Structures are given as C-alpha cells and as structure tokens.
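# Examining the three-dimensional arrangement
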Amino acid sequence: MMDAVLLGVLLAAVAIGYGLGYRKALKRTNPTPPASPPTLTRDYFVGLNYLLNEQPDEAIHTFIQALEVNSENIDTHIALGKLFRTRGETDKAVRIHQNLLARPALTALQNEQVQLELARDFISLGVHDRAQRLLRSVIDQTQQENHRLVAKRLLVDLLEREKAWQEALDTTLPMLKLQPKMRTPAAHWLCEMAQEEIDQASRALAKRHLKKALQLDDQCVRANLLLAELEMDNDHYRQAIARLNAIPHQSQAHIPTMLPALKRAYWRSGDTAGFEQHLLTLLDLAPLTSVIVSLSEVVHQRAGVEQAIEITGEHLHHSPSLGGLDHLIDLYIESQQLSGREQPDSRLLLLKHHTQALLKNRPRHRCQHCGFSADTLHWQCPSCRRWGTITPIIGVEGE
C-alpha cells in the first residue's frame, strides 16, 4: 500500500510549482486576474490517474515530466530527488539532480544546493570519487559558509568510510570551534591511527597520537586503554594502572572494559593484594557484575571457596545480576565437591542449567544512541556509525 500522506505532499508540491510557474508567466502578459482558471495539462491528469490506481512510481515520473524547471520550483525538484534517494532509488535521484545542473536557470546558490544533493546521491551509490570532486568544488568555490560547512561534514563522512583518518582529521580540525561534537570522532580517528602504528611497531608515534586524542576529548576511554597497553609493553605497570584508573572517572560503564588490562598490570607486577584493594574501590564506585566476579576470584585464590562464596553473596545481595548468580552457583558446586560429595545437589545443577540458558547468546554491549546490540565491543556503532556510544549493558541481565 502506498504512503498516501507522502504522495499527497508530493502532489501538493507539484501543484504549487505548476501554479507558481503559471502565475509568473501570466504576470508578464496580463497584469489583471484571469476570468477563468488555467487549463491543467494532460500530463497532470495522467499522473493523477496513476496516483489513484496506486502506481506511485509512474505518477512521480509523469509529474516530473509535467513540471518544467524554473527558478521558482527548483526546491520541488530537489525534494523529489531526496524522495527517490530515501526510497532507495538513488539512480533516479541522480538523474533528477544532474538534469537540474544542466539548466542555465540555476543561481549560484541553487547550483551549490544541487551539487550537495548529487554528492549525497553518489555517496549512497558508493561512487566516492565523484562525490569527493563535487564536495571539494563546493568547499573551494562557495561564498556561503553554511554550504561550506555542510560540504565539509559530508566530505569527512566520506573520508571516514574510506578509513582515510588523517585526511578526515585535517578537514575537521578547523571546524572544531563551530562543531565541538566532532571532537569525539576526531579522537577516535587518532586512536585508529595509533592502532595502525602499534601494529607497525611505531609505538612512539602511536603514543603521541593517543595523547593528542585525549587533548581533543578528555573523555576518550579508548585512548587511555591503548596508552595503558603501551605502558605494560614497556613493563611500566604503575603507569599503566594510573592510566586505567582514569577510566572510571571518564565512564563508569566502561569499568568492565578495562578490567582485563587492570588484572594483567597487577598480576605482572606481582601485586595481587593491590588488585584486590583496587577492586573494592571500584565496587564502592560502581557495583558491577564483572567487578564482583573478579573480586570473588581473587578471594578464592587467597582464602578459598567459602570466603569467595561469602563475599560474592554479600555483594550480590545489594547488586543482583544473572551473571553473578551463575558464578555463585559455580562456587557452591565446587564447595560441595570439596566437601566430599560425589555429585552436586541436583537443584544446583538445575539452577546452573537455567542461568546458562538465559546467558547464552545474550548481547553484552549496546549503543546508547540507536540501541544496536552485540556481544563484542565496537568503538564505532555499525548501525548509526557514531563513535564511543557502545558500552557494556548494565542491569540484572548485564553488569
């Protein structure tokens, strides 16, 4: 079933464009109002017939044919092109916008508007080289600052898709005063560059890029994580712990993200007591499941399973979670085995079966902007393409 509201708006736009064009021509020849209404063209009725027969594609095509391009209906043609692109018919949008560019009636301002729309068409089609040429042309030639800003944003989006991090950064840095929200993606581009440099053993350059990332965005968790890894690679465990200790103050939701690195730093430095104390501090800040389980494991190693059961049960009483319950059941099963029972209590095994079934295939991370869920952490959301919006899921079924 066609969208009646959308097509109604489209029909109204076409009718307005037709009326404006007719009135302009009428004023040139006859300043007095006409005695009778103008005669509608045959194409108009053909298009209307298609519309009534629920053939929207044919209707739109006929209306385009009927609507002569002039200075007063350029916006209507642009809107039609946007409509096609939104419907996934970008090739039709390209034809409309290219047809507009071929018209001498366009002003410089209208020409730039159409170029921007055509660039969007090419990006949608994946024809990135042609989109880049159009956008750079607008940036270099326009006198309209808002057009230059739009073109730069589109160009940055395009460069980001191509993983041209340095070019995206060079284009964005002059825009930061007007676009402060771009600091977050810019910091992540620097992290991407740093990761590539780490892979190529250029650790000094990677470190400079990561520090620059924190200058651009002091809430960039990823930069501190990578800097901590670099410090550990050089056996600087205290410095690594200091980097990781900054993360809870950047984002408490990312405490589970940094726990594996924190554990390695303390373990490699031989300071298990320091790790236990650090976990207790984190629990006071945010009683998350992964912190409770990590503390339980440390206590289990130091004082045995009964002490681990006690401290785990105490913290789960205040912050219950499915993952914590699953870990507690494991401890009870181990306790029964150590006490000499050949088989654990069947009720415990049943509970374990249910918790495992509930935890299976459960997403562990979610985008705070669009709701995209995944088991692994993505620094850029695959759905909405925003940077730094995916965090571990918090709650009874999460952390």
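The structure presented is a predicted model; accordingly, all values stated were derived computationally and were not measured.

A few words now on unusual backbone geometry. In the Ramachandran plot, Ala-201 falls in the positive-phi region, its phi being about 65 degrees despite a non-glycine side chain. Topologically, Ala-201 is positioned in the loop between helix 10 (183–199) and helix 11 (203–216). Relative accessible area serves as the criterion here: at 60%, Ala-201 is assigned to the exposed category. A positive phi angle is found at Arg-385, which is not glycine, with a value near 65 degrees. Considering the arrangement of structural elements, one finds Arg-385 in the loop between strand 2 (373–374) and strand 3 (390–392). Given a relative accessible area of 24%, Arg-385 falls into the partly exposed group.

Pairs of aromatic rings are described using the distance from one ring centre to the other and the angle between the two planes. A complete count under the given rule lists three aromatic pairs for this structure. Ring pairing ties together the aromatic residues Tyr-266, Trp-267 and Phe-275, which thus form one cluster. The lysine or arginine in question, Lys-263, covers the ring of Trp-267, its NZ or CZ lying 5.5 Å from the ring centre.

With that settled, the discussion passes to the side chain of Arg-148. For Arg-148, the position within the fold is in helix 8 (residues 145–161). Its relative accessible area of 19% is what places Arg-148 among the buried residues. A polar side-chain atom of Arg-148 sits 3.1 Å from the main-chain carbonyl oxygen of Ile-139. In this structure the side chain of Arg-148 is engaged in a polar contact, spanning 2.6 Å, whose partner is the backbone oxygen of Thr-142. Ignoring sequence-local partners within four residues, the contact set of Arg-148 consists of Ile-139 and Thr-142.

Secondary-structure assignment places Asp-330 in helix 19 (residues 322–338). Taking the C-alpha atoms as reference points, Asp-330 and Leu-349, 19 residues apart in sequence, are found 9.3 Å from one another. A polar side-chain atom of Asp-330 sits 2.8 Å from a polar atom in the side chain of Lys-352.

Looking now at the UniProt feature "binding site: Fe cation" (unreviewed entry) in the protein chain. The sites that UniProt annotates as "binding site: Fe cation" (unreviewed entry) are Cys-367, Cys-370, Cys-381 and Cys-384. In terms of the greatest pairwise C-alpha distance, the residues named above, spread along 18 residues, form a tight cluster of at most 8.7 Å across. Since its relative accessible area comes to 36%, Cys-370 is described here as partly exposed. If near-sequence neighbours (up to four positions away) are discounted, Cys-370 is found in contact with Cys-381, Ser-383 and Cys-384. Take Cys-384: it is sitting in the loop between strand 2 and strand 3. The contact partners of Cys-384, leaving out residues within four places of it in the chain, are Cys-367, His-369 and Cys-370.

Read across the sheet, three strands follow the order 2-1-3 without closing on themselves; strand pairing throughout is antiparallel. Sheet topology places strand 2 and strand 3 at the edges, where each strand pairs with a single neighbour. As paired elements, strand 1 (residues 365–367) and strand 3 share three bridges and run antiparallel to each other. If you follow Cys-367 over to strand 3, its bridge partner there is Ile-390.

Between its first and last C-alpha atoms helix 12 (residues 221–233) spans 19 Å; for 13 residues at 1.5 Å apiece the expected length is 18 Å, and the two agree. Of all 13 residues that make up helix 12, 11 are buried, and the element is covered over most of its length. Val-221, Arg-222, Ala-223, Asn-224, Leu-225, Leu-226, Leu-227, Ala-228, Leu-230, Glu-231 and Met-232 are the residues of helix 12 that are buried. Turning to helix 12, the residues buried within the fold contact helix 10, helix 11, helix 13 (237–245), helix 14 (247–250) and helix 15 (255–268). Looking one or two residues past helix 12, Asp-235 carries a phi angle of roughly 65 degrees, positive in sign.

This next bit is on the side chain of Ser-335. Secondary-structure assignment places Ser-335 in helix 19. Accessibility expressed as a relative area gives 14% for Ser-335, which makes it buried. Setting aside residues up to four positions removed in sequence, Ser-335 forms contacts with Val-305, Glu-306 and Ile-309.

Now for the packing of helix 17 (residues 289–303) against helix 19. Between two packed helices, what matters for the description is the angle formed by their axes and the separation of those axes. Closest axis-to-axis distance for the helix 17/helix 19 pair is 9 Å, and the angle between their directions is 20 degrees. By the angle between their directions, the pair helix 17 and helix 19 is classed as roughly parallel. Crossing geometry of helix 17 relative to helix 19 is assigned as left-handed. Counted together, Thr-289, Val-293, Ser-296, Glu-297 and His-300 of helix 17 and Gly-323, Gly-324, His-327, Leu-331 and Glu-334 of helix 19 form the full contact between these two elements. Tallied by class, residues from the contact of helix 17 with helix 19 come to two nonpolar, six polar and two charged.

It is worth spelling out the nonpolar core at this point. The biggest cluster of nonpolar side chains holds 77 residues, and the ones touching the most others in it are Trp-189 and Leu-262. With residues near it in sequence (within four places) discarded, Trp-189 still touches Val-156, Glu-160, Trp-165, Ala-168, Leu-169, Thr-172, Met-182 and Trp-387. If you look at the next biggest cluster of nonpolar residues, it comprises five residues, including Ile-74, Ile-78, Leu-100 and Val-114.

Rules used in this analysis
- Residues numbered from 1 in each chain as written.
- Predicted model: local features only at pLDDT ≥ 70, side-chain atom pairs only at ≥ 80, totals over all residues.
- Heavy atoms only, no water.
- Helix = DSSP H or I, 4+ residues; strand = E, 2+ residues; numbered from the N terminus.
- Buried < 20%, exposed > 50% of the residue type's maximum accessible area, 1.4 Å probe, protein only.
- Phe/Tyr/Trp six-rings, centres within 6.5 Å; stacked < 30°, edge-to-face > 60°.
- Lys NZ or Arg CZ within 6 Å of the ring centre and 35° of its normal.
- Polar contact = N/O pair within 3.5 Å; in protein donor to acceptor, adjacent residues only side chain to side chain.
- Contact = heavy atoms within 4.5 Å.
- UniProt positions renumbered as here; feature names shortened; annotations may be inferred.
- Pairing = 2+ DSSP bridges.
- Expected span 1.5 Å × (residues − 1).
- Axes fitted to C-alpha atoms, helices over the stretch in contact; angles between N-to-C directions.
- Parallel < 35°, antiparallel > 145°, perpendicular 65-115°, else oblique.
- Left-handed = near helix turned anticlockwise from the far one by under 90°.
- Nonpolar A, V, L, I, M, F, W, Y, C, P; charged D, E, K, R; others polar.
- Core = buried A, V, L, I, M, F, W, Y, C linked by side-chain atoms within 4.5 Å.

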